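Spelled out from the first residue to the last, the chains are:
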Amino acid sequence: MRQLFAAASILLAAGFPAGIQAQDKPALSRITKGFVAIDAPIIALQHVRVIDGTGAPATENQTILIDQGNIREIGPDSSVTIPQGAKVLDLSGHSVIPGLVGMHDHMFYPSASGSGPVPGAPALYDEMGFSFPRLYLAGGVTTIRTAGSLEPYTDLALKKLIDSGQQPGPKMHITGPYLEGLGSFGPQLHELSGPEEATRLVNYWIDTGATSFKAYMHITRAELGAAIKAAHARGIKVTGHLCSVGFTEAADLGIDNLEHGVVVDQEFNPHKQLDQCPPDANDHPSIENVDIESAPVQAMIRKLVEHKVAITSTLVIFETFQQNRPPLQQRVLQALSQPSRTDYLAVRATIAEGPPPSVNLLKKEMQFEYAFAKAGGVLLSGEDPTGYGGALAGYGDQRQVELLVEAGFTPLQAIHIATQNGADFLGESDRIGTLKSGKRADLVVIKGDPSRKIEDIENVHLVFKDGIAYDPQKLITSVAGAVGFH
Ligand SMILES: [Zn+2]
């Protein structure tokens, strides 16, 4: 960590150009080159199954021609002429999908005691500036939105390190610090003093490099309205993990996106008062009675659809609160530091041994998201590596796509949500999000066929970012034991 901070500060002190574009081919550092599997001017991926991210059926026996970091051509093997000198890969048995666009992909992870949760300890999250960029890339996530930052200066510096080729990682869209009101659950979140400060803070962080904002659980309507107005005046979108403001109120204030979905929305909670996050919000006592098919919920869905408010699905984090879910994976335990592994397993065991949760929030949220999308709402996909841990960069994004399938979407629809929808929302769809000639070669080569068996999305063979192929295993090995508290 210290080395990374030092490197970042040298770059900043040297006046590193702020406007570097990810599409300019940077000179890769020796560190980043160590993770590169293939770097050639022209690369042909032969005999692949193409899942293009639009939701269209997969096409078999295709060749993808990558030229100077762009997709030049995609077509049947027989029709694509491979230029002389191209690096040709025979990828029979493999599928190619667009790089995942993770829309709730923080750079932090819960702190740990190493002996289970300490009663009364403040909620703290550690910045994973070393391990998370590598795990996102290894998991096939080529673009992230950080969706609320606890160390926004670090996130901005990491973005520069990655875009300039100094460190491996995804393309980062930096969300400013949380816009929180009075009553924050953790000391790392600043509490706004009112709408004037909300406006000041939004303008300062746009000047400093943030390209989105996230409102949080105790913000008032006045503060949220001011933040949205200031952000929109400069073409910047606002999302929210809201509690004190209902989804319907937020849509009326002009919010662009809402995180997590109906299980955090308190507008159907009988204890809800204006501008207040109800004290029983976290226990969700009322959500059990919230019927997705009922008129009030359907009216809220219609409101969001009419106002073009997207919902970010983060089923992964809700899954961790269900008993014995997700299936315990060795790759997760191997990535965690010893104290964080101990904590994760301790809480997981407590949940498994306790009574089953009174409300299955995961199932409720799945029903909501399916109904929202069916009504014409735009669903985005993100992972939210918080809670008591276990949702890890990259791995969580893959699991997220699997859970969308469990929610009722087809594998092709789920991949579409996790690729093209995110790219569209970020205003990046000219360059990324689908596999099409002319776009950047941000794509994932997967062993198997996730269009039939979505779990194959975990079998990442190569990850291309700007036409350079990275070796997922090398990235993963380099951060073994590094996730979480040290
Ligand atoms: Zn979050």
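Our subject is the structure that appears above.
Report on the accompanying structure. (Residues numbered from 1 in each chain as written. Predicted model: local features only at pLDDT ≥ 70, side-chain atom pairs only at ≥ 80, totals over all residues. Heavy atoms only, no water.)

## Re the overall build of the chain
Heads up, the rule is: The numbering of helices and of strands both runs from the N terminus, where a helix is a DSSP run of H or I of at least 4 residues and a strand a run of E of at least 2. Every radius of gyration here is taken over C-alpha atoms, with the globule rule written as 2.2 Å times N^0.38, N being the number of residues. Here the term buried applies to any residue with accessible area under 20% of the maximum for its type, exposed to any over 50%, and partly exposed to those in between, with areas from a 1.4 Å probe on protein chains only. Two residues form a contact once any of their heavy atoms are found within 4.5 Å. Residue-level accessible areas treat just the shown protein chains as cover; the underlying method is Shrake-Rupley with a 1.4 Å probe. Two residue types count as positive, namely Lys and Arg, and two as negative, namely Asp and Glu; His and chain ends fall outside the count. Charge placement uses NZ in Lys and CZ in Arg. For Asp and Glu, CG and CD serve respectively.
Counting its regular elements, the chain contains 15 helices and 19 strands. Relative to a compact globule of 486 residues, whose C-alpha radius of gyration would be 23 Å, the chain shows 22 Å and is just as compact. Buried residues in the chain amount to 59% of all 486 residues. Of the contacts formed within the chain by residues at least 6 apart in sequence, a portion of 75% connects residues at least 24 apart. Within the structure as shown, the chain displays about 19100 Å² of accessible surface, and the carbon and sulfur contribution to it stands at 53%. Charged side chains in the chain number 39 positive and 53 negative. The centres of these two groups are separated by 6 Å.

## Focus: the nonpolar core
The condition that has to hold: In this description, a nonpolar core means a group of buried Ala, Val, Leu, Ile, Met, Phe, Trp, Tyr and Cys residues linked to one another through side-chain atoms lying within 4.5 Å.
Ranked by size, the top nonpolar core spans 106 residues in total, and within it Phe213 and Leu224 carry the most contacts. Setting aside its immediate chain neighbours within four residues, Leu224 contacts Ala215, Ile219, Val238, Leu242, Val245, Ala250, Leu253 and Ile255. In terms of nonpolar packing, the next biggest core, distinct from the first, is built from 18 residues, Ile38, Leu45, Val48 and Ile66 among them.

## A word on the coordination of the zinc ion
Keep this limit in mind: Because no water is among the atoms considered, metal sites can look incomplete, with donors defined as N, O and S atoms within 2.8 Å of the metal, or 3.2 Å for Na, K and Ca.
Summarising the metal site, the zinc ion is bound by the protein donors His104 (NE2), His106 (NE2) and Asp384 (OD), whose distances to it range over 2.0 to 2.5 Å. His104 sits in the buried class, given a relative accessible area of 0%.

## Some words on the pairing of strand β15 (residues 310-313)
Applied cut-off: When DSSP finds at least two bridges between two strands, those strands are taken to pair.
Residues Ala310 and Thr312 line one face of β15 and the alternating positions Ile311 and Ser313 line the opposite face, and both faces are buried. Both strand β14 (residues 257-259) and β15 contribute to a ladder of 3 bridges, which runs parallel. Opposite Leu258, over in β15, you have Ile311 as the bridge partner. Pairing of β15 with strand β16 (residues 379-381), which is carried by 3 bridges, proceeds in the parallel orientation.

## Topic: the packing of helix α5 (residues 195-208) against helix α6 (residues 221-233)
Convention followed: In this description, a line fitted to the C-alpha atoms serves as the axis of each element, helices being fitted only across the stretch in contact, and the angle between N-to-C directions of two axes falls anywhere from 0 to 180 degrees. Angle categories: roughly parallel below 35 degrees, roughly antiparallel above 145, roughly perpendicular from 65 to 115, and oblique for all the rest. In this scheme, a crossing is called left-handed if the near helix is turned counterclockwise away from the far one by less than a right angle; it is called right-handed if the turn is clockwise. Gly is put with the polar residues, along with every residue not named as nonpolar or charged; the nonpolar set is Ala, Val, Leu, Ile, Met, Phe, Trp, Tyr, Cys and Pro, and the charged set is Asp, Glu, Lys and Arg.
Between α5 and α6, the least distance of the axes is 8 Å, while the angle of their chain directions is 30°. Taken together, the axis directions place α5 and α6 in an arrangement best described as roughly parallel. Regarding α5 and α6, the two cross each other, and that crossing is right-handed. Within the contact between the two elements, α5 uses Pro195, Ala198, Thr199, Val202, Asn203 and Ile206 and α6 uses Ala222, Glu223, Ala226, Ala227, Ala230 and Ala231. A class-by-class count of the residues in the contact of α5 with α6 yields 9 nonpolar, 2 polar and 1 charged.

## What to know about the sheet that holds strand β10 (residues 141-145)
Across the sheet, which stays open at both edges, the 3 strands sit in the order β7-β10-β11 with parallel pairing between neighbours. Only two strands of the sheet have a single neighbouring strand rather than two, namely β7 (100-102) and β11 (171-173). In this sheet, adjacent strand axes meet at a mean angle of 15° when their direction is disregarded. Where β10 meets β11, 3 bridges bridge the pair, whose relative direction is parallel.

## Description of the packing of aromatic side chains
Test applied: Each Phe, Tyr or Trp ring (for Trp, its six-membered ring) is paired with any other whose centre lies within 6.5 Å, and the angle between the two planes then decides the class: stacked below 30 degrees, edge-to-face above 60, tilted in between. Note on geometry: a ring has a charge over it if NZ (lysine) or CZ (arginine) is within 6 Å of the ring centre and within 35 degrees of the ring normal.
Overall, the coordinates contain 12 aromatic pairs when judged by the stated rule. With a centroid separation of 5.6 Å and 20° between ring planes, the pair formed by Tyr344 and Tyr388 is classed as stacked. Of this pair, Tyr344 sits in helix α11 (residues 338-353) while Tyr388 sits in the loop between β16 and α13 (395-406), placing them 44 residues apart in sequence. The class of Tyr344 is buried, set by a relative accessible area of 2%. By way of ring pairs, the aromatic residues Phe108, Tyr125, Tyr178, Phe185 and Tyr216 are connected into one cluster. In this structure, Lys237 packs its charged tip against the face of Phe425, placed 4.0 Å from the ring centre. When the ring centre of Tyr395 is taken as origin, the NZ or CZ atom of Arg331, which lies over that ring, is 3.9 Å away.

Remember, this is a structural readout, not a statement about activity or role.
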